[in-house]
Structure formats: structure tokens, C-alpha cells
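Take a look at the letters that make up each chain.
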Amino acid sequence: MTNFLPDNEMEESTESDWLNITENGTYRMRIMGIKGDDNQFIEGWEVWEEYEDENGSKRSRPHRSKFVQGVKAPQELLDLDRNGDARYFWMFVVFYEGRPKIYEVRQKTIRRQILELTRDEEWGDPRDYDIAVTRSGQGKETSYNVMPKPKEPLTPEMLQRVTDARIDLQAIWEGGQPFGALESDSDAKVEETGNDQE
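Counting restarts for each chain: residues are numbered from 1 in the order of the written sequence. Restriction of local features to residues with pLDDT of at least 70 applies here, the model being predicted, together with a cutoff of 80 or more for giving and counting side-chain atom pairs; totals for whole chains, interfaces and linings are based on all residues. Note that the side-chain values use all heavy atoms of the structure and ignore hydrogens as well as water.

*Asks:* Looking at this structure, I do not really get unusual backbone geometry. What am I missing?
*Replies:* Only a minority of non-glycine residues have a phi that is not negative, and only a minority of peptide bonds are not trans. Residue Glu97 is not a glycine yet carries a positive backbone phi of 50°. Note on conventions: DSSP H or I runs of at least 4 residues are helices, E runs of at least 2 residues are strands, and numbering of each starts at the N terminus. With respect to the helices and strands, the residue Glu97 is situated in the loop between strand S5 (87-96) and strand S6 (99-105). At Arg166, a residue that is not glycine, the phi angle is positive and equals roughly 50°. In this fold, Arg166 is placed in the loop between helix H3 (156-165) and helix H4 (185-193). Taking relative accessible area as the criterion, Arg166 reaches 29% and is therefore assigned partly exposed. Buried, partly exposed and exposed residues are distinguished by accessible area as a fraction of the type maximum, computed with a 1.4 Å probe on protein chains only: under 20%, between the cut-offs, and over 50%, respectively.

The structure is reproduced here in C-alpha cells:
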């Protein structure tokens, strides 16, 4: 019998670079980015614009702008939103299920619980311990609970995986892809010297 076509199906990778808590359950993660680390933490305003794609199908896409203390969301951003409303968010890098991901937190209840932990003397810096975010309920009855796990130092593997991902959340402001956006030291040296050592 002759094989006319290869019989080596590869499973498609459907794993997202984003941690989306859309199903009920518990999601354990380590926060890797905190305020002051502009590559791994940002805060801002987000709206969702509805539009029709080239096939006439209705779609929606996010638009974001940076948060400035004491300043409301810009009117041009509000004008894009399907409800005329902007939502405040945090976005940071987390380590989840063995790899870095981006987690966007729009829910006040999650933000408040994380803030309470960071203000507590026994917990403090969220990079020192995992948190478990549990989602339960449906629709308007959805609730979130954040529980800290025992403190453990970041492992060298975790740090290396995040470094290797070269995540720069600043790319979000231009609508770009944060993974791979951060220039590595070797990229910067090539750019400075104009040499490409391949």
C-alpha cells in the first residue's frame, strides 16, 4: 500500500497568550508585573466598538487609553463605545499553568481583593505568592473571590520564561501584540552598531 499524503497530523495550538476567566472555576496564578514596571503592568480605560467586517458580520473590538490620575476617560474614547461608557482596567503579566500570560482585570471586586492583600503586612508584594481567583455564578450573579496561597519565591524557570517571552504591555496602546515586543539586549546592541551577527 502506498501513502500518497503524509499521515502526521499535528495538533493545532489553541492556547491563548491571555488568561481569560470566563468559566466558573479556580484559576491559580502568580502576578509578575506590578505598578512601576511599565513592561509588565499597565492601567487604563477600555471601550468596545461595534463594527461590521468585510463579510458584513457584526464584530466588536477594544480601544484603550492610558489612565492618568484625576483625569476621566477621553471623550473620543467614550464616543467609540457601544454603550458610551469606559471601564477602568489593570493589565499585568502573570505566570499561569507553567507559562507567562497577560491578565486584564476589569472587575472591581478582584482589584479590591488584590489591593487588600498588597496592603496587608503579612502578604505585601504579590510577586511573593500565588493567588487563586475563583469565579462562580452566572450573569449578574457572577462573583469572584481572591485567595492568597503560601508564600514561595519565584523560581529561576518562572523568571526565565517571562524574560524569554519579551512581553511589553506598552504595545497595547498602539494596538500591537505584547508578546515578543520587548527588545532584548542583543537586539539593542545590533541596532546601536548596525551589525547583524547571524
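*Asks:* Help me understand helix H2 (residues 108-119), please; the structure alone is not making it clear to me.
*Replies:* For an α-helix, 3.6 residues make a turn, and residues three or four places apart therefore share a direction. The span one expects for a helix is its residue count, reduced by one, times 1.5 Å. Look at H2: 16 Å from first C-alpha to last across twelve residues, which is about the 16 Å you get at 1.5 Å a residue. Among all positions in H2, only Ile110, Arg111, Gln113, Ile114 and Leu117 are buried. Each buried residue of H2 lies within a common arc of 165° when the element is viewed along its axis, so the set occupies one face. Residues of H2 that are exposed and point more than 90 degrees away from the buried face comprise Lys108, Arg112, Glu116 and Arg119. To be clear, the arc concerns the directions from the helix axis to the C-beta atoms.

*Asks:* Is there a simple way to explain the pairing of S6 in this structure?
*Replies:* Here is the key point about a regular strand: its side chains alternate between the two faces of the sheet. Here S6 lies mainly inside the structure; seven of its seven residues are buried. On S6, burial covers both faces: Arg99, Lys101, Tyr103 and Val105 on one face and Pro100, Ile102 and Glu104 on the other are all buried. What makes two strands pair is DSSP finding at least two bridges between them. One ladder, built from two bridges, connects strand S1 (residues 18-19) with S6; its direction is parallel. Across the sheet, Trp18 pairs through a bridge with Ile102, a residue of S6.

*Asks:* Explain H3 here, please?
*Replies:* All buried positions along H3 are accounted for by Met158, Val162 and Ala165. Looking straight down H3, one finds its buried side chains confined to an arc of 65°; they lie on one side. Exposed side of H3, more than 90 degrees from the buried face: Pro156, Glu157, Thr163 and Asp164 are the residues found there. Where H3 is buried, its residues contact strand S2 (25-31), S5 and S6. Where H3 terminates, the next one or two residues include Arg166, which has phi positive at roughly 50°. Two residues form a contact once any of their heavy atoms are found within 4.5 Å.

*Asks:* Where do I start with the nonpolar core in this structure?
*Replies:* Side chains that are nonpolar tend, in soluble globular proteins, to be buried together. Definition of nonpolar core: a set of buried residues of the types Ala, Val, Leu, Ile, Met, Phe, Trp, Tyr and Cys, connected through side-chain atoms within 4.5 Å. Formed by 20 residues in total, the largest nonpolar core has its most connected members in Met29, Phe92, Tyr103, Ile131 and Val133. Going through the elements one at a time, S2, S5, S6, H2, strand S7 (129-136) and strand S8 (143-151) are the ones with two or more residues in this core. Here this core takes four residues from S5, the largest share from any one element. Ignoring sequence-local partners within four residues, the contact set of Phe92 consists of Ile31, Gly33, Gln40, Phe41, Lys101, Ile102, Tyr103, Val105, Ile114 and Leu169. Within the second largest apolar cluster, 15 residues are counted, among which are Met32, Met91, Val93 and Leu169.

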